[in-house]
Amino acid sequence: MQQQTFQLYVAPIAATPAQTLRVSLGGQNCRIDLFQKGENVFMNLFLNDAPIVLGRLCVDRVTLTPEQYTGFGGDLFFKDTLGASDPDYTGFGGRFILCYQQPVAAS
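Thresholds applied
Residues numbered from 1 in each chain as written. Predicted model: local features only at pLDDT ≥ 70, side-chain atom pairs only at ≥ 80, totals over all residues. Heavy atoms only, no water. Helix = DSSP H or I, 4+ residues; strand = E, 2+ residues; numbered from the N terminus. Rg over C-alpha atoms; globule rule 2.2 N^0.38 Å. Buried < 20%, exposed > 50% of the residue type's maximum accessible area, 1.4 Å probe, protein only. Areas by Shrake-Rupley, 256 points an atom, 1.4 Å probe, with all protein chains shown as cover. Lys, Arg positive; Asp, Glu negative; His and termini not counted. Charge placed at Lys NZ, Arg CZ, Asp CG, Glu CD. Pairing = 2+ DSSP bridges. Axes fitted to C-alpha atoms, helices over the stretch in contact; angles between N-to-C directions. Salt bridge = Lys/Arg side-chain N within 4 Å of Asp/Glu carboxyl O.

### Details of the overall build of the protein chain
Step number 1: Looking only at helices and strands, one finds zero helices and seven strands in the protein chain.
Step number 2: For the protein chain, whose C-alpha radius of gyration is 14 Å, the value lies close to the compact-globule estimate of 13 Å for 107 residues.
Step number 3: Projecting the C-alpha coordinates of the protein chain onto the three principal axes gives extents of approximately 45 × 35 × 20 Å.
Step number 4: Of all 107 residues assigned to the protein chain, the portion counted as buried reaches 36%.
Step number 5: With an accessible surface of roughly 6,200 Å², the protein chain has 52% of that area assigned to carbon and sulfur atoms.
Step number 6: Across the protein chain, the 7 positively charged side chains and the 9 negatively charged ones have centroids separated by 3 Å.

### Focus on the sheet that holds strand 7 (residues 96-103)
Step number 1: An order of 1-7-6 is seen for the three strands of this open sheet, with the pairing classed as antiparallel. The sheet is open, and its two edges are formed by strand 1 (6-11) and strand 6 (75-80), each paired on a single side. Strand-to-strand twist of the sheet, defined as the mean angle between neighbouring strand axes without regard to direction, takes the value 35 degrees.
Step number 2: Taken together, the six bridges between strand 6 and strand 7 define a ladder with antiparallel strand orientation. Paired with Leu 76 across the two strands is Tyr 100, which belongs to strand 7.

### Concerning the pairing of strand 5 (residues 50-57)
Step number 1: Pairing geometry for strand 4 (residues 40-47) and strand 5, over five bridges, is antiparallel. In the strand pairing of strand 5, Phe 46 is matched with Pro 51.
Step number 2: Connecting strand 4 to the antiparallel partner strand 5 that follows it, the hairpin turn spans two residues, and Asn 48 within it adopts a positive phi of roughly 50 degrees.

### Brief notes about the pattern of salt bridges
A side chain of one charge can pair with a side chain of the opposite charge when the charged atoms of the two come close.
Step number 1: Under the criterion given, the structure shown has four salt bridges.
Step number 2: One salt bridge in this structure joins Asp 80 and Arg 95, with 2.8 Å as the shortest N-O distance. Of this pair, Asp 80 sits in strand 6 while Arg 95 is found in the loop between strand 6 and strand 7, placing the two residues 15 residues apart along the sequence.

### Here's the deal with the pairing of strand 7
Step number 1: Inspection of the sheet shows strand 1 paired to strand 7 by six bridges, in the antiparallel sense. Residue pairing across strands places Ala 11 opposite Leu 98, the latter belonging to strand 7.

The structure is reproduced here in structure tokens:
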């Protein structure tokens, strides 16, 4: 059995409580809204301006895009680089990074 390999991209996020990113992820035109409410961070994801995920709670190392039927290719998730805490905007771009991962086609 061949082990699958992945390509990882870290999205540029800033330590602000609410922000919008427009990025290309795996050739997909995406808009990502990140916002903090209380102690939790939430995300909206749009693909070509169509909503894919709305109000998704962000948890350390849990995919934000688990549904295959959405048409979004790859996985988007937060990673705590210093432990296993859920993200907080004060650590965006440092302790907490927003990662996009997609499978690499076997050659």
